[in-house]
Amino acid sequence: MTPTSGPSAVKPALGTEPDREHHDAIIIGAGFGGMGAGIQLDRLGIRDYVILDREDDLGGTWHVNHYPGLAVDIASVTYSYSFEPNPYWSRLFAPGAELKRYAQHVAEKYDLRRRMRFGTTVTGARWDDDAHHWAVHLAGGETLTATYLITATGFLSQPKKPDIDGVDDFAGKVIHSADWDHDYDLTGRRAAVIGTGATGVQLIPELATRVAELTVYQRTPIWVVPKLDGPIPRPLRRLFARLPITQRAARVANSALLEALTFTGVLHYRQARLGALGAELLARAHLRRQVKDPELRRKLTPRYSFGCKRPTFSNDYFPTFTRPHVHLETESIARIEPDGIVTADGRKTEIDTLVLATGFDLWETNFPAIEIIGREGRDLGKWWRDTRFQAYEGITVPHFPNLLSLNSPYAYTGLSYFWTIEAQMRHMERLFGELRRRGADTFEVTKEANDAFLARMTDDLADSVFYQGNCGPARSYYFNPHGEAALLRPATVLAGRREAGSFPLDDYTYAARHTETAG
Ligand code: NA7
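Residues numbered from 1 in each chain as written. Predicted model: local features only at pLDDT ≥ 70, side-chain atom pairs only at ≥ 80, totals over all residues. Heavy atoms only, no water.

## Considerations on the overall build of the protein
Part 1 of the argument: Summing up its helical and strand segments, the protein has 14 helices and 21 strands in all.
Part 2 of the argument: Taken over the C-alpha trace, the protein has a radius of gyration of 24 Å; the compact-globule value for 519 residues is 24 Å, and the two agree within 12%.
Part 3 of the argument: Counting across all 519 residues of the protein, residues that qualify as buried make up 57%.
Part 4 of the argument: Expressed as a percentage of contacts within the protein between residues at least 6 apart in sequence, the contacts between residues at least 24 apart total 72%.
Part 5 of the argument: Across the protein, the mean location of the 61 positive side-chain charges is 8 Å away from that of the 64 negative side-chain charges. (Helix = DSSP H or I, 4+ residues; strand = E, 2+ residues; numbered from the N terminus. Rg over C-alpha atoms; globule rule 2.2 N^0.38 Å. Buried < 20%, exposed > 50% of the residue type's maximum accessible area, 1.4 Å probe, protein only. Contact = heavy atoms within 4.5 Å. Lys, Arg positive; Asp, Glu negative; His and termini not counted. Charge placed at Lys NZ, Arg CZ, Asp CG, Glu CD.)

## Details of the site of the ligand
Part 1 of the argument: Around the ligand, a shell composed of 22 residues is seen, among which Thr199, Arg219, Thr220, Lys309 and Tyr477 lie nearest.
Part 2 of the argument: In this structure, Ala198 approaches the ligand through a main-chain N or O atom, which is 3.0 Å from an oxygen atom.
Part 3 of the argument: Take Tyr477: an N or O atom from its side chain is 2.4 Å from an oxygen atom of the ligand.
Part 4 of the argument: Within the complex, the protein chains bury 85% of what would otherwise be the 780 Å² of accessible surface of the ligand.
Part 5 of the argument: In terms of residue class, the shell around the ligand is built from eight nonpolar, seven polar and seven charged.
Part 6 of the argument: Split by domain, the shell around the ligand shows at least three residues from each of two domains, domain 1 (6–158 + 362–518) and domain 2 (167–223 + 309–356). (Near = heavy atom within 4 Å. Polar contact = N/O pair within 3.5 Å; in protein donor to acceptor, adjacent residues only side chain to side chain. Areas by Shrake-Rupley, 256 points an atom, 1.4 Å probe, with all protein chains shown as cover. Nonpolar A, V, L, I, M, F, W, Y, C, P; charged D, E, K, R; others polar. Domains from an automatic or database assignment.)

## A few points about the pattern of salt bridges
Part 1 of the argument: Under the criterion given, the structure shown has 36 salt bridges.
Part 2 of the argument: Between Arg54 and Glu55 there is a salt bridge; the shortest N-O distance is 3.4 Å.
Part 3 of the argument: Under the relative-accessibility criterion, Arg54 is labelled partly exposed at 40%.
Part 4 of the argument: Relative accessible area serves as the criterion here: at 24%, Glu55 is assigned to the partly exposed category.
Part 5 of the argument: Across the pair Asp111 and Arg114 runs a salt bridge whose closest N-O atoms are separated by 2.8 Å.
Part 6 of the argument: Residue Arg114 is classed as partly exposed on the basis of its relative accessible area of 48%.
Part 7 of the argument: In this structure, a network of salt bridges that share partners links the residues Asp57, Lys100, Glu108 and Arg113. (Salt bridge = Lys/Arg side-chain N within 4 Å of Asp/Glu carboxyl O.)

## As for the nonpolar core
Part 1 of the argument: Judged by nonpolar contacts, the single largest core of 142 residues is most densely connected at Phe32, Leu214 and Phe466.
Part 2 of the argument: At nine residues, the largest contribution of residues to this core is made by helix α11 (residues 417–438).
Part 3 of the argument: Inspection of this core shows a minimum of three residues originating in each of domain 1 (6–158 + 362–518) and domain 2 (167–223 + 309–356).
Part 4 of the argument: Setting aside residues up to four positions removed in sequence, Phe466 forms contacts with Val266, Gly307, Cys308, Leu461, Cys471, Tyr478, Phe479, Ala485 and Leu488.
Part 5 of the argument: Ile164, Ile194, Ile336 and Leu356 belong to the second largest nonpolar core, which has eleven residues in total. (Core = buried A, V, L, I, M, F, W, Y, C linked by side-chain atoms within 4.5 Å.)

## Regarding the confidence of the model for the protein
Part 1 of the argument: Summarising the model, the protein shows a mean pLDDT of 94, and 95% of its residues fall at 70 or more.
Part 2 of the argument: This model gives residues 1–15 a pLDDT under 50, and the stretch forms 42 contacts once residues within four places in sequence are excluded. (pLDDT = per-residue confidence, 0-100.)

## Observations regarding the packing of aromatic side chains
Part 1 of the argument: Summed over the entire model, instances satisfying the criterion amount to 36 aromatic pairs.
Part 2 of the argument: Across the ring face of Phe83, the terminal group of Arg43 is positioned such that the distance to the ring centre comes to 4.5 Å.
Part 3 of the argument: Over the ring of Phe503 we find Arg430, and its NZ or CZ is 5.2 Å from the ring centre. (Phe/Tyr/Trp six-rings, centres within 6.5 Å; stacked < 30°, edge-to-face > 60°. Lys NZ or Arg CZ within 6 Å of the ring centre and 35° of its normal.)

## Quick notes on the sheet that holds strand β13 (residues 333–337)
Part 1 of the argument: Reading across from one edge, β13-β14-β15 is the order of the three strands in this open sheet, with antiparallel pairing throughout. Edge positions in the sheet fall to β13 and β15 (348–350), since each has one partner strand and no second. Across the sheet, the mean angle from the axis of one strand to that of its neighbour is 20°, orientation sign disregarded. (Pairing = 2+ DSSP bridges. Axes fitted to C-alpha atoms, helices over the stretch in contact; angles between N-to-C directions.)

## A few points about the side chain of Asn65
Part 1 of the argument: One can find Asn65 in the loop between α2 (61–64) and α3 (96–109).
Part 2 of the argument: Among residues more than four places away in sequence, those in contact with Asn65 are Leu70, Ser177, Ala178 and Phe360.

## Some thoughts on the state of the cysteines
Part 1 of the argument: Summed over all chains, the structure comprises one disulfide.
Part 2 of the argument: Disulfide partner of Cys308: Cys471, at an S-S distance of 2.0 Å. Because the sign of the S-S torsion sets the handedness, a value of about -85° for the bond joining Cys308 and Cys471 places this disulfide among the left-handed ones. Taken together, the residues Cys308 in the loop between α8 (294–300) and β11 (312–313) and Cys471 in the loop between α13 (465–468) and α14 (493–500) connect sequence positions 163 residues apart. (Disulfide = S-S within 2.5 Å.)

## Some points on the pairing of strand β19 (residues 442–445)
Part 1 of the argument: Residue alternation in β19 divides its side chains into two sets, Thr442 and Glu444 and Phe443 and Val445, and both sets are buried.
Part 2 of the argument: Pairing of β19 with strand β20 (residues 508–512), which is carried by four bridges, proceeds in the antiparallel orientation. Within β20, the position partnered with Phe443 by the bridge is Tyr510.

## Side note on the pairing of strand β2 (residues 49–52)
Part 1 of the argument: What you see with β2 is no split at all: Tyr49 and Ile51 on one side and Val50 and Leu52 on the other are buried throughout.
Part 2 of the argument: For β2 and strand β3 (residues 116–117), the ladder comprises two bridges, and the chain directions are parallel. Across the sheet, Leu52 pairs through a bridge with Arg117, a residue of β3.

## Digging into the domain arrangement of the protein
Part 1 of the argument: Segmentation of the protein into domains returns domain 1 (6–158 + 362–518) and domain 2 (167–223 + 309–356).
Part 2 of the argument: If you average the C-alpha positions of domain 1 and of domain 2, the two centres end up 34 Å apart.
Part 3 of the argument: Both faces considered, domain 1 and domain 2 share a buried interface measuring about 1,600 Å² in area, 52% of it formed by carbon and sulfur atoms.
Part 4 of the argument: If you look at where domain 1 meets domain 2, you find one salt bridge.
Part 5 of the argument: Linking Arg310 and Asp73 is a salt bridge whose minimum nitrogen-to-oxygen distance equals 3.3 Å.
Part 6 of the argument: For the pair domain 1 and domain 2, the number of links is six residue pairs in polar contact (both at pLDDT 80 or more). (Buried area = accessible area lost by both parts, 1.4 Å probe.)

## Some thoughts on the layout of surface pockets
Part 1 of the argument: For the second largest pocket, the calculated volume is near 590 Å³.
Part 2 of the argument: Along the wall of the second largest pocket there are 28 residues; nearest its centre are Phe93, Leu228, Asn254, Leu257 and Phe313.
Part 3 of the argument: When residues of the lining of the second largest pocket are assigned to their parent elements, the largest contribution, seven residues, is made by helix α6 (residues 244–267).
Part 4 of the argument: Classifying every residue of the lining of the second largest pocket by side-chain character gives 22 nonpolar, three polar and three charged. (1 Å grid on protein atoms, 1.4 Å probe; cavity = no way out; pocket = protein on both sides within 12 Å on 5 of 7 lines; lining within 4 Å. Points joined across faces, edges and corners; volume = space filled by probe spheres on them.)

Structure representation (structure tokens):
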């Protein structure tokens, strides 16, 4: 490892062409994951790094998404870095714009912005075994090199356009939820929304207040539980600011609740399915209270077990469907024509605005988000597809030295993404600490450690709702194309955190440039 104390330097690495810009580390992605990695590199004394992002500003998901109604769906007290609490959230579930401001605040406070390079699309990365570094290729032809590569490209970052016949021929306005056009006036429009996932649940009630007619095309209904939301009174915010321990206590209480829900309802469904059934009953009662029409209720009721898909929270989603100008369409879509949508039974609904709340390509294009070629030419995406989706502790992969892949199979621990980020920061701390102790600069996880981790994940998931519940009808993105639920780590947040700080150091081999050292 070559910790530097000065600002980002441009210097050649061993065995590279001197005109290539070299850094100790390159982080791809300026969202909360990439920023967490940057903060950790600084703490480790590795100050020569750049953060590349294809967008024009930082924030990742919270920069790209700004559709009407956007809000966090984990209470903000938990959905934030534990070491950087924000006492000023306006609501229990903060609106999206506040998350973006929080990201900006973190970038300023931790001096990350000067490391960021926007409008920079990475097309691929290749490990150079002679030089012991990564060559990172940018659209436009430039190549940077780095000793360490950290991919923080997000899980839900490649917007999905549905493969519906005729979607490209629609003559009206098409808006994807992840590319909202605020200049487009929705007033008086005849609009359709495709998609009833977490985004649809937030967006549909907002759209209904603006358009003249709204038809919602639902392929799979979603479980919705009440949202215990509301403004945080100013005196409480002041208390959080003056006495941070009070906000920490609120965080612990809320996090414990979410943990209990995940532990019983999702991970230990076999032993504690009553937890999941309780959540399902709550969602059914919520629907019964808000929708009186039994036929509409039937259409809105999922046929899969609670927990197979990420549950959603809303108080205004169900009532929206009782409004006279809002129509729920459950017949499947046959095709889209220039002026409307035709369902399988031959009915056509004429529209002028098509809103795609169709989510993101996860397994197809996001694992990994760019081409990554490791040692001996191993292609990460191909290898995952030819074998199984896997990553040791959800962060490193054999044959890919000095790569930290933050958005990997089994990385996601608990419901708040910040738990995953902070566990990975801990993993970095332990791993880089060992590199330093050994005077090494290259790490690679062993095949044995990776195999054992995958086997453990597979065993532990056997008790989860994904294998014990009825998940077939859910069409959940938790499942990969092999039919494995390889996204969530079957562990409590505490266990994941503990393991990130105590994994066996011999699970890695370590080397210094040109001098292999024993693992
Ligand atoms: P999701 O949860 O993936 O939801 C996408 C929705 O779009 C879902 O209802 C899909 O139905 C629907 N969809 C996608 N393609 C089609 C086609 N071809 N035809 C009909 N319907 C389609 O994405 P979101 O953006 O809502 O939420 C993503 C995350 O953001 C969420 O998990 C939270 O973490 C926050 P399907 O269910 O596949 O039948």
